[in-house]
Number of protein chains: 2
Amino acid sequence: MKPVTTGIIGLGTVGCGTVNVLHRNVDEISRRAGRRIVVGAAAVRDRNRARDCPMQGIQITTDPVDIVTDPKIDIVVELMGGEEPARQLILQAIANGKHVITANKALIALHGNEIFRAAHNQGVTVAFEAAVGGGIPIIKVLREGLAANRINWLAGIINGTTNFILTDMRENGNEFAEGLRLAQQLGYAEADPGFDIDGIDAAHKLTILASIAFGIPLNFQQTYVEGIRDITCNDVLYAEELGYRIKHLGVARRTDQGVELRVHPCLLPASRLMASVNGVMNAIVVEGDAVGHTLHYGVGAGAEATASAVVADLVDVVRALTSDPGNRVPHLAFQADAIKNLPIVPMSEVECAFYLRLQVTDQSGVLADVTRILGDENISIKSIIQKSKTAGSATVPIIILTYPTRERSMDRALDLLQALRTISGSIMRIRVEVLR
Amino acid sequence: MKPVTTGIIGLGTVGCGTVNVLHRNVDEISRRAGRRIVVGAAAVRDRNRARDCPMQGIQITTDPVDIVTDPKIDIVVELMGGEEPARQLILQAIANGKHVITANKALIALHGNEIFRAAHNQGVTVAFEAAVGGGIPIIKVLREGLAANRINWLAGIINGTTNFILTDMRENGNEFAEGLRLAQQLGYAEADPGFDIDGIDAAHKLTILASIAFGIPLNFQQTYVEGIRDITCNDVLYAEELGYRIKHLGVARRTDQGVELRVHPCLLPASRLMASVNGVMNAIVVEGDAVGHTLHYGVGAGAEATASAVVADLVDVVRALTSDPGNRVPHLAFQADAIKNLPIVPMSEVECAFYLRLQVTDQSGVLADVTRILGDENISIKSIIQKSKTAGSATVPIIILTYPTRERSMDRALDLLQALRTISGSIMRIRVEVLR
């Protein structure tokens, strides 16, 4: 059969990785797909930059519009990232009847509803396996592998940078800032790491996973986001003593009130497999009513892991080239006309158990004040640990684990606690997830 | 769109589970597939047996031939198990132009080459996600999700019964026989548990996974198989002391000499995620050249987990009903004409590190004999631990960990060691897998 020609927009890390994988594994991939996949053209910013991938046969342009308009190109692979002009280019490619593959999670999370509508109307596919979990085929697993299930919840370690830093804090006792510096040195974090450590990147990914799991539109704006900047080594240590590990999770859960969409640090029971997912690795647990729990683990970023997902999408799209659009796997797992809005539960209504760390003046009556305030909000305490005083400090840390309570009750209690004169500094609050 | 009608052969545990899942999740599944999937008929052995699933609308027959010949039935779901008459029925369904879904791992492992050839010639699909790893969509992951990769190896805990027993031995200190009894009481093991505990079931599954991973024909007869009957609590304990856990693994590995296909107990480093896969859970690690390691974990058996895979296959097949057969996902991941025979490495040529447990007479010179025999076979010793003598015993256990060595060298050394008069009882030998 005639080879399929792709055009790549962006030959950075992932773009080069994709060219390398297609080149190195041409035999394996052709034996699977039944035809060759060739890179016919690529758009780059700097034509003269040296690139770490074979460039023979690839027509280079500096104008990405060339790629989305070239009639020789069957499939456009968008690997430039960012919202614009990626959005415009993808819409243009769709309008020209081209299938699109993208690794751009921000774009899908923010503009996916518009992009998929356009693709649906044109009868083309926009594939985005590489947008979540690097090489872990989690989009395929959710969309096809678990298609029999009513999915009740999913939770993922879906940002390698934050997981690296939290692992470093636990294993090496580094504080957050030091762990971040190390992540930057090793190339795991950007110079501007905000997207990662403040949870935005994870929120993009969670938005996509939730939509596919529940058959709802993409809801990035309604996703609650919290990063890991405030976690201290002491929190990691105290959590450990209580039998937990601190992980940064994206959680999407279906409840009677609607769908919870939230990204924040969590205490996880150490016995959970997820608690042992360390370093830059990613993992997603999905709970479906028929299958029970499944967990999918792998490298969450990097040139070749992401290329693995891009090329898997390429093979899928190649296979679907001759199929009628109505029978292809829908973009968001559910047929376009079967996507249903479900209410997104406001964070104040979410129920969680909590870990609290308070720095209190070592005097009698403090604990009574604390437990009274929590009690007034009907927050049940599971355990309280008062750490011993360290030399030279006038205060001692108190660690409290609560039973599940509504977020707004905890917010009110925290306001009152924070106002106590016997409590110094900010109270640390971390949610507890048992993944059940 | 018009509903798709399936006929199920066998309404046992998995059959009923499938009917229940299709019934309960009819909305979710239809929203995904774009049309309803109905069970039009089912073949059962006993028409009068009470069944734990809704039977309305299902035409019951006691002759499975009715199902494979019924022109109203688009897709045949074979859930009767066993080799015959399942093989004949499936071939007949294929000849009648019907797509087939099966959970029958023995059938696929033993007769898959014949069945897939027939299906390929007829332009129909035989789907078998449920044959391996229960609800874990590992077939889809390997065949599609990791299609970009040259897969180097995979290793799986793919039999829940053996994993349950080994977990019980470690957690509760039960010996094998007791763990097996418990597994039988809980319904995790058959009255005749040989298929599970002797590794046959795992070998069926490994055969299928290896074929899909490497693009080779199904090679059950050449798969090396060893069960867990001889593992003792002491082995579990000694392994633990050395930082390992004992798991029953299926391992398929590509080497310069060919493909290794082997099922046997292993010592795994306790730090590996696989070492924490406990109870009846299954997990498979796959190493691809682009993606690195991915791990997929879930419930490996049971009515609804298996039904989850059966119904996912149904949705896939429904989507492919209108596609041209040449562009469907090939049965064994690689196009039928691109399946290549690779030599299967004889077990004697496989290289492994070993754990040895010897019961020796407590007298000087024994260790010298043991190390000399191993040294003569160029087997390097990583560690030797001589346990202290227990009261009333004339012998002491010696635990040896070796560096990787060829299996036939170890066989020769073991013959010589076993002949030593200072060694009593059988020497225990367990392979060590580091999953790299």
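As the structure is a prediction and not an experimental result, all values here were calculated from the model. (Residues numbered from 1 in each chain as written. Chains lettered and ligands numbered in written order. Predicted model: local features only at pLDDT ≥ 70, side-chain atom pairs only at ≥ 80, totals over all residues.)

### Focus on the overall build of chain A
Reasoning step 1: For chain A, the helix and strand inventory stands at 14 helices and 17 strands.
Reasoning step 2: Expressed as lengths along the three principal axes of its C-alpha atoms, the size of chain A is roughly 80 × 45 × 35 Å.
Reasoning step 3: Residue pairs at least 24 apart in sequence account for 75% of intrachain contacts in chain A once pairs closer than 6 positions are excluded. (Helix = DSSP H or I, 4+ residues; strand = E, 2+ residues; numbered from the N terminus. Contact = placed C-beta atoms within 7 Å.)

### What to know about the environment of Cys16(A)
Residues and elements named next belong to chain A.
Reasoning step 1: Tracing the backbone shows Cys16 in helix 1 (residues 13–24).
Reasoning step 2: The exposure class of Cys16 is buried, given the 22 C-beta atoms found within 10 Å.
Reasoning step 3: Cys16 sits 35 residues away from Arg51 along the chain, and the two C-alpha atoms are 7.2 Å apart.
Reasoning step 4: Apart from residues no more than four positions distant in its own chain, Cys16 is found in contact with Leu11, Arg51, Asp52, Cys53 and Ala303. (Buried ≥ 20, exposed ≤ 12 C-beta atoms within 10 Å, placed from the backbone.)

### Describing the relation of the copies chain A and chain B
Reasoning step 1: Rotating chain A by 180° about the axis while translating it 0.0 Å along that axis superimposes it on chain B, leaving an RMSD of 0.0 Å. The transformation relating the two chain copies, once decomposed into turn and shift, fits a two-fold axis.
Reasoning step 2: Counting the interface residues of chain A, we find that 100% of their copies in chain B are interface residues as well, pointing to one common contact surface. (Least-squares fit on C-alpha atoms with pLDDT ≥ 70 in both.)

### Re the sheet that holds strand 2 (residues 37–43) of chain A
Strand pairing in a sheet is mediated by backbone hydrogen bonds. Such pairs are either parallel or antiparallel.
All names here are of chain A.
Reasoning step 1: Taken together, the six strands give an open sheet; going across it, the order is 3-2-1-4-5-6, and neighbouring strands pair in parallel fashion. Of all strands in the sheet, those with a lone pairing partner are strand 3 (59–61) and strand 6 (126–127), marking the two edges.
Reasoning step 2: In this sheet, strand 6 lies alongside strand 5 (residues 99–102) in parallel orientation, the contact comprising two bridges. Across the sheet, the residue bridging to Val100 is Val126, located in strand 6.
Reasoning step 3: Helix 1 contacts strand 1 (4–9), strand 2 and strand 4 (75–78) of the sheet and is inclined by roughly 155° relative to strand 2.
Reasoning step 4: In the packing of helix 12 (residues 303–320) onto the sheet, the strands contacted are strand 1, strand 2, strand 4, strand 5 and strand 6, and the crossing angle to strand 5 comes to about 165°. (Pairing = 2+ DSSP bridges. Axes fitted to C-alpha atoms, helices over the stretch in contact; angles between N-to-C directions.)

### Some details on the interface of chain A and chain B
Reasoning step 1: Between chain A and chain B, the contact holds 52 residues from the first and 52 residues from the second.
Reasoning step 2: Elements supplying a minimum of two residues to the side of chain A that touches chain B: helix 2 (26–33), helix 6 (138–145), strand 12 (292–299) and helix 12 of chain A.
Reasoning step 3: In terms of residue count, helix 12 of chain A provides more of the side of chain A that touches chain B than any other element does, nine residues in total.
Reasoning step 4: Broken down by class, the residue content of the side of chain A that touches chain B amounts to 23 nonpolar, 19 polar and ten charged. (Nonpolar A, V, L, I, M, F, W, Y, C, P; charged D, E, K, R; others polar.)

### Some remarks on helix 11 (residues 233–241) of chain A
Residues and elements named next belong to chain A.
Reasoning step 1: By the burial criterion, the buried members of helix 11 are Asp235, Val236, Tyr238 and Ala239.
Reasoning step 2: Check the buried side of helix 11 and you find it contacts helix 7 (160–172), strand 9 (244–255), strand 10 (258–269), strand 13 (351–361), strand 15 (395–402) and strand 17 (423–432).
Reasoning step 3: In the segment just after helix 11, Gly243 is the residue with positive phi, at about 90°.

### Some points on the nonpolar core
Reasoning step 1: Core analysis: the largest hydrophobic core is formed by 309 residues, its most contacted members being Val311(A) and Val311(B).
Reasoning step 2: With twelve residues, the single largest contributor to this core is helix 12 of chain A.
Reasoning step 3: The contact partners of Val311(A), leaving out residues within four places of it in the chain, are Thr18(A), Val21(A), Leu22(A), Ile29(A), Ala147(B) and Ala148(B). (Core = buried A, V, L, I, M, F, W, Y, C linked by C-beta atoms within 7 Å.)

### Some thoughts on helix 4 (residues 86–95) of chain A
All names here are of chain A.
Reasoning step 1: Among all positions of helix 4, only Ala86, Leu89, Ile90, Ala93 and Ile94 are buried. The buried residues of helix 4 occupy one face: seen down the axis, they fall within an arc of 140°.
Reasoning step 2: Each element contacted by the buried residues of helix 4 is listed here: strand 1, helix 3 (64–69), strand 4, strand 5, helix 5 (105–122) and strand 6.
Reasoning step 3: With its phi angle positive at about 75°, Gly97 sits one or two positions after the end of helix 4. (Arc of directions from axis to C-beta.)

### A word on unusual backbone geometry
Reasoning step 1: Cis geometry marks the peptide bond from Glu84(A) to Pro85(A); its omega dihedral reads 5°.
Reasoning step 2: Tracing the chain through its elements places Pro85(A) in the loop between strand 4 and helix 4.
Reasoning step 3: Not every positive phi belongs to a glycine, and Ala333(A) is a case in point at roughly 75°.
Reasoning step 4: Here Ala333(A) shows up in the loop between helix 12 and strand 13.
Reasoning step 5: Non-glycine residue Asn378(B) carries a positive phi angle of around 60°.
Reasoning step 6: When you line up the elements, Asn378(B) lands in the loop between helix 13 (366–376) and strand 14 (381–386).
Reasoning step 7: The exposure class of Asn378(B) is exposed, given the 11 C-beta atoms found within 10 Å.

### So, the sheet that holds strand 4 (residues 75–78) of chain B
Residues and elements named next belong to chain B.
Reasoning step 1: In space, the six strands of this open sheet follow the order 3-2-1-4-5-6, with parallel pairing throughout. Strand pairing shows two members of the sheet lacking a second neighbour, strand 3 (59–61) and strand 6 (126–127), which therefore form its edges.
Reasoning step 2: Sheet topology places strand 2 (residues 37–43) next to strand 3; three bridges connect them, and they run parallel. Across the sheet, Ala41 pairs through a bridge with Gln59, a residue of strand 3.

### Regarding the domain arrangement of chain A
Residues and elements named next belong to chain A.
Reasoning step 1: Splitting chain A by domain gives domain 1 (4–135 + 303–338), domain 2 (138–299) and domain 3 (349–432).
Reasoning step 2: Here the C-alpha centroids of domain 2 and domain 3 sit 25 Å apart.
Reasoning step 3: Contact residues are listed per partner, giving 14 residues for domain 2 and eleven residues for domain 3.
Reasoning step 4: Elements that contribute at least two residues to the side of domain 2 that touches domain 3 include exactly helix 11 and strand 10.
Reasoning step 5: Top contributing element to the side of domain 2 that touches domain 3 by residue count: strand 10, with six residues.
Reasoning step 6: Split into classes, the residues belonging to the side of domain 2 that touches domain 3 amount to seven nonpolar, three polar and four charged. (Domains from an automatic or database assignment.)

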